Amino acid sequence: MNELPKFRTVGDRVVWARKRKGWTQTDLANAAQATRSQIQKIENGRTERPRNMEKLAEVLDVPPAWLQFGYAELESLSEGAIKLAIAWDGLSDEAKKIV
C-alpha cells in the first residue's frame, strides 16, 4: 500500500478511502454491512468511533489504525501509547483543552 495521507478526522479518512475506491456512500454501506445513514454520520463527524471500524477498514483496504487514529502502523506503538491514544480520542474537545 502506498503511503496514506494525513487527515484530521475519522470522517475525512473514510471519505478519502471511499472515493479512492470510486464508491458512493451506499456502495460502502453495502460492503461494510452498514446503513447509508451510518456512513453519513461517520463522514460528517457525528460518529467518531464507529463500532464497525474493523469491517470498514477491511472493505476500504486500509489499516484499522489509520482509519481510527491516522497512523499507518499502530503496531509500532507501545501498549501504553495505544491506550493513551484511545483515551485521548475519547475525550471531549473541552477536556482536551484542559489537558
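The rules behind these values
- Residues numbered from 1 in each chain as written.
- Predicted model: local features only at pLDDT ≥ 70, side-chain atom pairs only at ≥ 80, totals over all residues.
- Heavy atoms only, no water.
- Helix = DSSP H or I, 4+ residues; strand = E, 2+ residues; numbered from the N terminus.
- Buried < 20%, exposed > 50% of the residue type's maximum accessible area, 1.4 Å probe, protein only.
- Contact = heavy atoms within 4.5 Å.
- Areas by Shrake-Rupley, 256 points an atom, 1.4 Å probe, with all protein chains shown as cover.
- Polar contact = N/O pair within 3.5 Å; in protein donor to acceptor, adjacent residues only side chain to side chain.
- Core = buried A, V, L, I, M, F, W, Y, C linked by side-chain atoms within 4.5 Å.
- Arc of directions from axis to C-beta.

Peer 1: Got a minute to help me understand the overall build of the protein chain in this structure?
Peer 2: Along the protein chain, the regular secondary structure elements total seven helices and zero strands. Counting from the amino terminus, the protein chain carries its helices and strands in the arrangement α-α-α-α-α-α-α. Relative to its 99 residues, the protein chain shows a buried fraction of 31%. Across the protein chain, every contact between residues at least 6 apart in sequence was considered, and the portion connecting residues at least 24 apart equals 47%. Summed over all atoms, the accessible surface of the protein chain reaches about 6600 Å², with 50% contributed by carbon and sulfur.

Peer 1: Any chance you could explain the side chain of Gln25 here in plain terms?
Peer 2: With respect to the helices and strands, the residue Gln25 is situated in helix H2 (residues 25–32). Residue classification places Gln25 among the buried positions, given a relative accessible area of 15%. One polar contact links Gln25 to Glu43, side chain to side chain, over a distance of 2.7 Å. With residues up to four places along the chain from it excluded, the contact list for Gln25 reads Arg18, Arg36, Ile39, Gln40 and Glu43.

Peer 1: I would appreciate a short explanation of the nonpolar core in the present structure.
Peer 2: One broad trend across soluble globular proteins is that nonpolar side chains are buried collectively. Val14, Leu28, Leu56, Leu60, Val62 and Leu67 are the most contacted members of the largest nonpolar core, which totals 18 residues. Per-element tally for this core: the top contributor is helix H4 (residues 53–60), with five residues.

Peer 1: Hey, could you run me through unusual backbone geometry in this one?
Peer 2: Most peptide bonds take the trans form, and the phi angle of most residues other than glycine is negative. Positive phi, close to 55 degrees, is recorded for Gln33, a residue that is not glycine. Mapped onto the elements, Gln33 comes out in the loop between H2 and helix H3 (36–43). Under the relative-accessibility criterion, Gln33 is labelled exposed at 69%. A positive phi angle, near 60 degrees, is found at Asp61, a position not held by glycine. Mapped onto the fold, Asp61 is located in the loop between H4 and helix H5 (64–69).

Peer 1: It is not clear to me how H3 should be interpreted in this structure. Could you clarify?
Peer 2: All of the buried residues along H3 are Ile39, Ile42 and Glu43. For H3, the arc enclosing every buried residue in end-on projection is 95 degrees, short of the 170-degree limit, so these residues lie on one face. Lining the buried residues of H3 we find helix H1 (10–20), H2 and H4. Just past H3, the residue Gly45 takes up positive phi, approximately 85 degrees.

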